[in-house]
Amino acid sequence: MKKILSFAGLLIMGGMIGYLGAKFFLSGSDTETASLLPGNSKAYLILLLPLMYLLVVGIHELGHVVAGKTQNFDFFGLTVGPFSWKPKDSGGIRFAWNKSLNLAGGVAMMLPNGDHRLRQRFMWFAAGGPLASLLLLGFCFLIGNLLPEGTFLRFLLFALGAFSGAIFIATILPFRAGGFASDGLRIINFARNGPTAAADLAGLQAMTHLRSGRPHEDLPADSFAAVAADTSIPAQQRVTMDYYRYLHALGVNNIPQAAALLESVMGRLDEYPPGSHGGFYLEQAIFEAQYRKNLAAAEAALAQYEDSPFTESLSLPLTRATIANLRGDRAAVLAEIPAIEAALPKSMDQSRVPIIRQWVADWKA
């Protein structure tokens with residue numbers, strides 16, 4: 001209920017910002033007309049507030065997607081309010097409902113191809129959203145000024161433009177909240193090129209490493225350890241470094257170290273947005289089932305999973321298969337294999353694909 005009330009409050013606050021902004025930018029005659037709008041027009045405006053919210057947030061997130069595409073980023077997901085789009089395993093885009101209110105503010109998930117000029121490319125990706133909001137603001141006021149004064153459509157365009165301007169200001173300001181860094185903070189961090197930017201770059205380099213399919217054992221674990229030990233760096237980034245160190249430990253078959261690192265990550269999940277926790281619980285379940293053969297721990301981790309747009313299509317069937325295999329339920333394992341094989345080419349961690357293919361071959365045999 002607290003999340004629902006917070007989301008409703010965000011819609012109302014955004015609508016008020018748009019309304020007040022429109023009244024401020026309208027001419028005197030328009031302001032007078034706006035205050036005298038017929039009752040049914042006022043009702044229409046209130047009913048349109050959620051649609052205005054979705055539109056301005058959608059344009060903002062699409063700005064990130066377009067900017068990412070120009071910088072050779074791969075698309076892995078887009079969430080706007082209750083709507084979500086993810087790549088199909090067979091190609092194309094599929095729609096899904098977003099059930100996590102923590103992600104209702106909008107998220108564009110993209111990863112870079114290659115590790116050249118990562119700092120500059122990610123600055124452009126971060127700037128894409130605010131730039132799109134600014135363009136929508138300009139478009140609305142330009143078209144609105146061409147319409148007759150006193151019309152509801154003119155007022156609506158000005159309100160929409162003001163709403164988009166509010167989104168621009170809210171995202172360009174440098175701050176960190178709910179596990180997310182604002183676009184403005186990301187741009188500033190990369191422009192300064194200090195320790196925080198170095199940590200972000202280490203994370204981006206790790207992601208490009210995994211996307212390219214290079215083995216986990218080749219991940220630069222010493223660099224990740226140095227970042228994780230630097231207390232001047234935000235806690236979320238340090239937790240992320242420990243996760244990549246966990247993958248490296250798996251790659252060199254150091255299971256005790258991998259277990260300790262994963263336990264450390266799971267103990268600090270609050271550093272991440274709640275909507276992203278599900279993937280970590282699935283990873284924990286896979287680790288307990290496949291590497292430690294601990295059925296009770298694997299099932300307990302899976303029980304904590306909640307559906308999220310952040311979850312890869314590979315993760316859930318792979319988790320169910322590893323647990324079913326540990327139970328000795330061959331039919332359940334075989335039932336999950338088609339979904340696993342279909343999702344492997346789209347996995348964000350291509351480094352793990354050969355390992356999973358070997359698991360599948362063993363299960364089939």
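The rules behind the values
Residues numbered from 1 in each chain as written. Predicted model: local features only at pLDDT ≥ 70, side-chain atom pairs only at ≥ 80, totals over all residues. Heavy atoms only, no water. Helix = DSSP H or I, 4+ residues; strand = E, 2+ residues; numbered from the N terminus. Areas by Shrake-Rupley, 256 points an atom, 1.4 Å probe, with all protein chains shown as cover. Core = buried A, V, L, I, M, F, W, Y, C linked by side-chain atoms within 4.5 Å. Buried < 20%, exposed > 50% of the residue type's maximum accessible area, 1.4 Å probe, protein only. Expected span 1.5 Å × (residues − 1). Bend = angle between axes of the 7 residues up to and from the residue. Contact = heavy atoms within 4.5 Å. Axes fitted to C-alpha atoms, helices over the stretch in contact; angles between N-to-C directions. Parallel < 35°, antiparallel > 145°, perpendicular 65-115°, else oblique. Left-handed = near helix turned anticlockwise from the far one by under 90°. Nonpolar A, V, L, I, M, F, W, Y, C, P; charged D, E, K, R; others polar.

K.L.:
Please clarify how the overall build of the protein should be interpreted in this entry.
P.N.:
Helix and strand content of the protein: 15 helices and six strands. Carbon and sulfur atoms make up 63% of the accessible area of the protein, which amounts to about 17,100 Å² in all.

K.L.:
Please explain the nonpolar core as it appears in this structure.
P.N.:
A general trend in soluble globular proteins is that nonpolar side chains are found buried together. Membership of the largest hydrophobic core comes to 30 residues, with the highest contact counts inside it found for M52 and V56. Among the elements of the structure, α3 (39-70), β1 (73-80), β4 (107-112), α4 (118-146), α5 (152-172) and α7 (195-212) are those that each provide at least two residues to this core. The next biggest cluster of nonpolar side chains, apart from the first, holds 29 residues, and it includes L219, I233, M241 and L250.

K.L.:
When you look at helix α14 (residues 330-343) in this model, what are you seeing that I'm missing?
P.N.:
Helical geometry note: an α-helix holds 3.6 residues per turn, so side chains three or four residues apart project in the same direction. With 14 residues, α14 ought to run about 20 Å at 1.5 Å a step, and its terminal C-alpha atoms sit 20 Å apart, in line with that. The axis of α14 is deflected most strongly, by about 30°, at I337, and proline P338 appears within four residues downstream. Looking at α14, one finds that the buried residues are V333, E336, I337, I340 and A343. The elements touched by buried residues of α14 are α13 (315-327) and α15 (353-364).

K.L.:
Is there a simple way to think about the packing of helix α10 (residues 255-266) against helix α11 (residues 277-291) in this case?
P.N.:
When two helices pack together, their arrangement is given by the angle between their axes and by how far apart the axes lie. The contact between α10 and α11 brings their axes to 11 Å, and the two run at 155°. Accordingly, the angle class assigned to the pair α10 and α11 is roughly antiparallel. Seen from above, α10 lies across α11 with left-handed handedness. Contacts from I255, A258, A259, L262, V265 and M266 in α10 reach F280, Y281, Q284, F287 and Y291 in α11. Here the residues of the contact of α10 with α11 are counted per class, giving ten nonpolar, one polar and no charged.

K.L.:
Would you mind showing me how to read the environment of F75 here?
P.N.:
Looking at the secondary structure, you find F75 in strand β1. When its relative accessible area of 16% is taken as the criterion, F75 is described as buried. For the pair F75 and M109, spaced 34 residues apart in sequence, the C-alpha separation works out to 6.4 Å. With near-sequence residues (within four places) excluded, F75 lies in contact with V65, K69, W85, K86, P87, I93, M109 and M110.

Everything listed here is a matter of coordinates, which is why it stays silent on function.
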